[in-house]
Amino acid sequence: TADSSPVRLVLAGRTPLPEREAWDAYTAGHDSEDPLARRIAGVRRLEATGAEVWPAVVDVTNAAQMQTLFDQIAKRYGRLDGVIHAAGQLADRLLVNRSLDDVEALVRPKIHGAWLLERQLKRFPGAWLALCSSTASLEGLVGQASYAAGNAFLDALAHRRTAAAR
């Protein structure tokens, strides 16, 4: 927990949170299942442990935004210990019923996002990268070829990083 040592977290996502001053009003007007209300509650729980939390707005698939975010992290904190890459989305539909654009949109956060993180982490020697994959990359799921492919890429990247570290 943050009470035993200082923890600084950058929670990066595409959807901005309301301004902090508006959090109480927002959560009062939305039930606990509302996605933004859940994110606000999550940030508050982290901060209650003593963590410093910076909710950054960035699209993990946008190289320029990622460059800017990592520049800001370097300037603000001077270092980075690690990254948890948990981007992705699940959308049930058979591959034959998808367009190429649809498939690319589904795999882009996992594949392109992980690749951009990999590039940015070179600036922070010793920083770790945790990739949130799924057993779908091994088992496959009906209607989830894109999801399985994105996770298979994460598995391959993790293996490559492990081999390079030896």
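Residues numbered from 1 in each chain as written. Predicted model: local features only at pLDDT ≥ 70, side-chain atom pairs only at ≥ 80, totals over all residues. Heavy atoms only, no water.

Is there a simple way to think about the layout of surface pockets in this case?
There is about 1,400 Å³ of room inside the largest pocket. Lining of the largest pocket is provided by 41 residues; of these, V10, L11, A12, V83 and I84 occupy positions nearest its centre. Elements supplying a minimum of two residues to the lining of the largest pocket: β1 (8–13), α2 (35–48), α3 (63–77), β3 (82–85) and α4 (100–121). Looking at which element gives the most residues to the lining of the largest pocket, the answer is α2, with seven residues. Among the residues making up the lining of the largest pocket, the classes are represented as 26 nonpolar, seven polar and eight charged. (1 Å grid on protein atoms, 1.4 Å probe; cavity = no way out; pocket = protein on both sides within 12 Å on 5 of 7 lines; lining within 4 Å. Points joined across faces, edges and corners; volume = space filled by probe spheres on them. Helix = DSSP H or I, 4+ residues; strand = E, 2+ residues; numbered from the N terminus. Nonpolar A, V, L, I, M, F, W, Y, C, P; charged D, E, K, R; others polar.)

I tried to follow the packing of aromatic side chains on my own but got confused; where do I start?
Here the distance between the centres and the angle between the planes together describe a pair of aromatic rings. A complete count under the given rule lists three aromatic pairs for this structure. Relative to F124, the ring of F70 has its centre 6.1 Å away and its plane inclined at 50 degrees; by these criteria the two rings are tilted. Of this pair, F70 sits in helix α3 while F124 sits in the loop between α4 and β4 (128–131), and the two are 54 residues apart along the sequence. There is no split in this pair, since F70 and F124 are both buried. (Phe/Tyr/Trp six-rings, centres within 6.5 Å; stacked < 30°, edge-to-face > 60°. Buried < 20%, exposed > 50% of the residue type's maximum accessible area, 1.4 Å probe, protein only.)

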